[in-house]
Amino acid sequence: MTRGISTARAAGIVTLVVAGLLGSAYVLGRSLVPDQPPPHSTGATTSADGPHYADQPSAGEPSAAPSASAAETGPAEAGQDGSGREAGGDNLFGAHSTTGTPRIALTFDDGPDPRYTPQVLALLREYDVRATFCVVGENAQDHPELVQSIVDAGHTLCNHSWHHDVGLGARSADAIRADLMRTNAAIRAAVPNAPIVWYRQPGGAWTYPVVSVARQLGMTPLHWSVDPSDWELPGANKITATVLSQAEPGSVVLMHDAGGDRQGTVEALRRILPDLTARFELEALPTDPT
Ligand SMILES: [Zn+2]
């Protein structure tokens, strides 16, 4: 009996000590967070839940359970915060939301997709524009020839997680690392020498761990500043109008070449490119970001 009590007491003390150590480690970890200024003075800030819904919540998996319910509550906020310009706090954890130059970067997420990626590539070729493709690992694995086409055309690559996991940032650092590495491995299987120096968190649902792991793996977190919410299928007119009215020097434009019916995006791109290339210089995000 006595032994039982003292064992219980000892266990309690051990628990307290472990909790204390974990607390210290947490504080230490937080103190190691680089003290970064907001990425750009004109950069995106979003309300607490905005970014979560601003990117397409679940690529190519309309029935995906975990993010589906969240997505259904999202459109109103995505509409308000789609441009990423609403005030409400910076929860980008230092992710880049502009190019940092006068040039504009078009980014295409969630592919590659055999229906739409070739159309996007053809339009970009027609206007001699290089862009950046944020590819989903399983799609890269399924369509390595499209990843090859992207790189062959001079576009740059961005890791967009293995399975478009909007909740990835809430998982353990080890789980995040495994997901990002698996995605990079699938991309490298297609294009062994192509640099992968950008990471875009699905849904823009950034967390400190996901930003930290991406940086550890040599990838710079990439957000956006112009979001026509094309994944909500607003139609080519609206996508075109949003991009053309919001684009400004340094914009990073978010569009999707996969994850659903993207013919509206393709048609919008056909209208966007002549105007945008007349007003701005467009660039693929560099493979040597600082
Ligand atoms: Zn996405």
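For the structure itself, look to the data block above.
No experiment lies behind these values; they were computed from the predicted model shown. (Residues numbered from 1 in each chain as written. Predicted model: local features only at pLDDT ≥ 70, side-chain atom pairs only at ≥ 80, totals over all residues. Heavy atoms only, no water.)

Of regular secondary structure, the chain possesses 11 helices and 6 strands. With 290 residues in all, the chain has 50% of them scored as buried. In the chain, of all internal contacts separated by at least 6 residues, the share reaching a separation of at least 24 is 80%. Just so you have it, the chain exposes about 13000 Å², and 57% of that area is on carbon and sulfur atoms. (Helix = DSSP H or I, 4+ residues; strand = E, 2+ residues; numbered from the N terminus. Buried < 20%, exposed > 50% of the residue type's maximum accessible area, 1.4 Å probe, protein only. Contact = heavy atoms within 4.5 Å. Areas by Shrake-Rupley, 256 points an atom, 1.4 Å probe, with all protein chains shown as cover.)

The full count for this structure, using the stated rule, is 2 aromatic pairs. Taking the centre distance of 6.0 Å and the plane angle of 80° together, the rings of Tyr199 and Trp206 count as edge-to-face. Note on Trp206: relative accessible area 6%, which makes it buried. The ring of Trp162 has Arg182 lying over it, and the distance from NZ or CZ to the ring centre is 3.8 Å. (Phe/Tyr/Trp six-rings, centres within 6.5 Å; stacked < 30°, edge-to-face > 60°. Lys NZ or Arg CZ within 6 Å of the ring centre and 35° of its normal.)

Residue Pro112 follows Gly111 across a cis peptide bond; omega there is 0°. With respect to the helices, strands and loops of the structure, Pro112 is situated in the loop between strand 1 (105-109) and helix 5 (117-126). Backbone geometry at Asp110 places phi at a positive 85°, although glycine is not the residue there. Here Asp110 shows up in the loop between strand 1 and helix 5.

This next bit is on the nonpolar core. Core analysis: the biggest nonpolar cluster contains 51 residues, and Leu106, Phe108, Leu124, Phe133 and Leu276 have the highest contact counts within it. Membership of the second largest hydrophobic core comes to 10 residues, among which are Cys158, Leu222, Trp224 and Leu285. (Core = buried A, V, L, I, M, F, W, Y, C linked by side-chain atoms within 4.5 Å.)

With that settled, consider the packing of helix 5 against helix 11 (residues 263-279). Remark: helix 5 packs on helix 11, axes separated minimally by 10 Å, with the N-to-C direction vectors making an angle of 0°. Between helix 5 and helix 11, the interaxial angle falls into the category roughly parallel. Between helix 5 and helix 11, the contacting residues are Gln119, Val120, Leu123 and Leu124 on the first element and Gln263, Val266, Leu269, Arg270 and Leu273 on the second. Classifying every residue of the contact of helix 5 with helix 11 by side-chain character gives 6 nonpolar, 2 polar and 1 charged. (Axes fitted to C-alpha atoms, helices over the stretch in contact; angles between N-to-C directions. Parallel < 35°, antiparallel > 145°, perpendicular 65-115°, else oblique. Nonpolar A, V, L, I, M, F, W, Y, C, P; charged D, E, K, R; others polar.)

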